[in-house]
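Structure assessment
Here is what each chain is made of, one letter per residue.
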Amino acid sequence: MHNLISDYLGEILDDVRDHVDGEIPTYITSLTKADPDWLGIAMCTTSGRVYEAGDAEVLFTIQSVSKPFIYALALQECGLERVLDVAGMEPSGEAFNELSLREEDKRPLNPMINAGAIAVNQLINGEDSSVEDRVDVIFDFLSKLAGRELEMDEESAVDELEKADRNLSIAHMLRSHDVIVDAAHDAVDSYTRQCSALVTVRDLAVMSGTLANGGVQPVTGEKLLDPEVCRQTLSVMSSCGMYDAAGRWMARVGIPAKSGVSGGLIGMLPGQLGIATLSPRLDPAGNSVRGVDVFEDLSTDMGLHLMSTEHRTGSHAVRSVDRSGEDTIITLQGVVTFTAAEEILHKLNSLDFVSERVVLDVSRVIDSHSMGRRMLKEQLQRIREAGYDIAVVDPDAELRGRQLSDGSQIPLAEDL
Ligand code: GLU
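Thresholds applied
- Once a new chain begins, its residue numbering starts again from 1 and follows that chain's sequence as written.
- With the structure being a predicted model, the display of local features is reserved for residues of pLDDT at least 70 and the display and counting of side-chain atom pairs for 80 or more, all residues being used for whole-chain, interface and lining totals.
- Excluding hydrogens and water, the side-chain values take into account all heavy atoms of the structure.
- Note on pairing: two strands pair once DSSP finds at least 2 bridges between them.
- In DSSP terms, a helix is any run of H or I states spanning at least four residues, a strand is any run of E spanning at least two, and both are numbered starting from the N terminus.
- For helices, the fitted axis covers only the stretch in contact; all axes are lines through C-alpha atoms, and the angles between them, taken along N-to-C directions, range from 0 to 180 degrees.
- It suffices for a single heavy atom of a residue to lie within 4 Å of a molecule or strand for the residue to be listed as near it.
- Polar contact criterion, stated in full: a pair of N or O atoms within 3.5 Å, where within protein one must be able to donate a hydrogen and the other to accept it, and residues adjacent in sequence count only if both atoms are side-chain atoms.
- Ten residue types, Ala, Val, Leu, Ile, Met, Phe, Trp, Tyr, Cys and Pro, are classed as nonpolar, four, Asp, Glu, Lys and Arg, as charged, and the remainder, Gly among them, as polar.
- Buried residues are those whose accessible area, probed at 1.4 Å on protein chains only, stays under 20% of the maximum for their type, while exposed residues exceed 50% and partly exposed ones sit between those limits.
- A pair is scored as a salt bridge if a Lys or Arg side-chain nitrogen falls within 4 Å of a carboxyl oxygen belonging to Asp or Glu.
- Every residue pair with non-hydrogen atoms within 4.5 Å of one another is taken to be in contact.
- UniProt positions are given in the numbering used here, feature names are shortened, and annotations may be inferred rather than shown by experiment.

Let's shift gears to the sheet that holds strand 9 (residues 327-332). If you walk across this open sheet you meet the four strands as 8-9-11-13, and the pairing is mixed. The sheet terminates laterally at strand 8 (318-322) and strand 13 (389-393), the two strands that pair on one side only. Adjacent strand axes in the sheet meet at a mean angle of 15 degrees, parallel and antiparallel pairs treated alike. Examined bridge by bridge, strand 9 and strand 11 (residues 357-361) share five bridges and lie parallel to one another. Paired with Thr-328 across the strands is Val-358, a residue of strand 11.

Here it is in structure tokens:
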């Protein structure tokens, strides 16, 4: 039986198939071998289910799509402060390969442009690392993200390095300001090999799904990154990921993303999805023409825009209120965030309790934030202060302790 979601992804591809504008870049020979008509998409949920359509098995070099992943690895290895030492987090509004540094401290503006990415690459495995060892660490990490052994397109790496005058100038500039230690040639060699990892959109979707999933690879379950590292990476991507079209992208699509010259494009929906597309023809800003179209369609159709004001998170937090028996039983569900807790409190405040006891059942709550839990406990204390008995049904200890701020404990309903 056909999968409904894969069918839908296939339909989205068909909608953009005849958009044949744009050019394949020629400055890296291997890119010219791409079939301009390749069109593929894959999506990976944070629960580890992968859906794909079109040319999902085609291998292509990862290019700049590697930048957020290696940024995340550097953050994980060295910490935010050290990484900020070599690359800022402001959009540049310039071409990806611009020879520019921040005026005040001569540091690259962000890690999504080449200057920042070359600097960040140099942090991996320590500044004293050999190129070989550094590249090994990078490939090992990218492979874990993908859940399979990734290979390098050696020919592409060699070819790009031979003509890498622009990136070499960037590396010389970085070295002259002590941002990197290695010789410029070694730094660009290492960065270029990073860019030559061979991936499919399926790989990229799973890799992106890992960042969307707080660092846990959703298919293998391996914990690769801290949630704070993922948050930092997604934040920088949201303002700097789409070359100089980042502002337009955020307004039209509204999810953190990164594109590359080989026509790959990834996007992450925090806590929900990783998405990747491939279509090699690029627009003047260097982004895949049909990739951008697909993301725009997905964002509208699936309501993925992060700035969408129609998302009513928390509005279904109260599953039911049962006042038919001796107790008033309020059953909650979903994730108790601040907004969900606010909704719950509003509901509780508008209820007249006819029973002597009010029972809060959190057995259907799947997760909660500390602020949400605090608000629930505070509210229970007030209900008790208003003269009612209180209790909770909490088999999985979702409330993480039943202590109230007056020092007393909320009883478990089954203990009474
Ligand atoms: N290796 C490519 C370069 O540095 C990557 C550029 C890109 O994908 O934007 O020129």
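Next, the rest of the story.
By nearness alone, every residue bordering the ligand is listed as Tyr-27, Gln-63, Ser-64, Phe-96, Asn-114, Glu-160, Asn-167, Tyr-191, Cys-195, Tyr-243, Gly-260 and Val-261. Taking Glu-160, its side chain carries an N or O atom lying 2.6 Å from a nitrogen atom of the ligand. Side-chain polar atom of Tyr-191 to an oxygen atom of the ligand: 2.8 Å apart, as the coordinates give it. Tallied by class, residues from the shell around the ligand come to six nonpolar, five polar and one charged.

Attention now moves to the side chain of Gln-194. Residue position: Gln-194 is located in helix 8 (residues 184-195). Of the residues examined, Gln-194 reaches a relative accessible area of 1% and is grouped as buried. Side chain to side chain, Gln-194 and Ser-66 meet in a polar contact 2.9 Å long.

On to the pattern of salt bridges, then. On inspection of all chains with the given rule, the structure shows 21 salt bridges. Here Arg-281 and Asp-37 are joined by a salt bridge, their closest N and O atoms 3.1 Å apart. Remark: Asp-37 occurs in the loop between helix 1 (4-16) and strand 1 (40-45) and Arg-281 occurs in the loop between strand 7 (273-278) and helix 12 (289-302); sequence separation between them is 244 residues. Here Asp-182 makes a salt bridge to Arg-134, at a shortest N to O gap of 3.3 Å. With Asp-182 in the loop between helix 7 (165-176) and helix 8 and Arg-134 in helix 5 (residues 131-146), this pair connects stretches of sequence that are 48 residues apart. Each of the two residues, Asp-182 as well as Arg-134, counts as buried. Taken together, the shared-partner salt bridges connect Arg-82, Asp-85 and Glu-127 into one network.

Once that is clear, we can look at the side chain of Ser-299. Positionally, Ser-299 belongs in helix 12. Look past the residues within four positions of Ser-299 in its chain and what remains in contact with it is Arg-252, Val-253, Leu-304 and His-305.

Annotation from UniProt places "domain: STAS" (unreviewed entry) at residues 329-400. For residues 329-400, helix accounts for 39% and strand for 29%, while the C-alpha atoms at its two ends are 20 Å apart.

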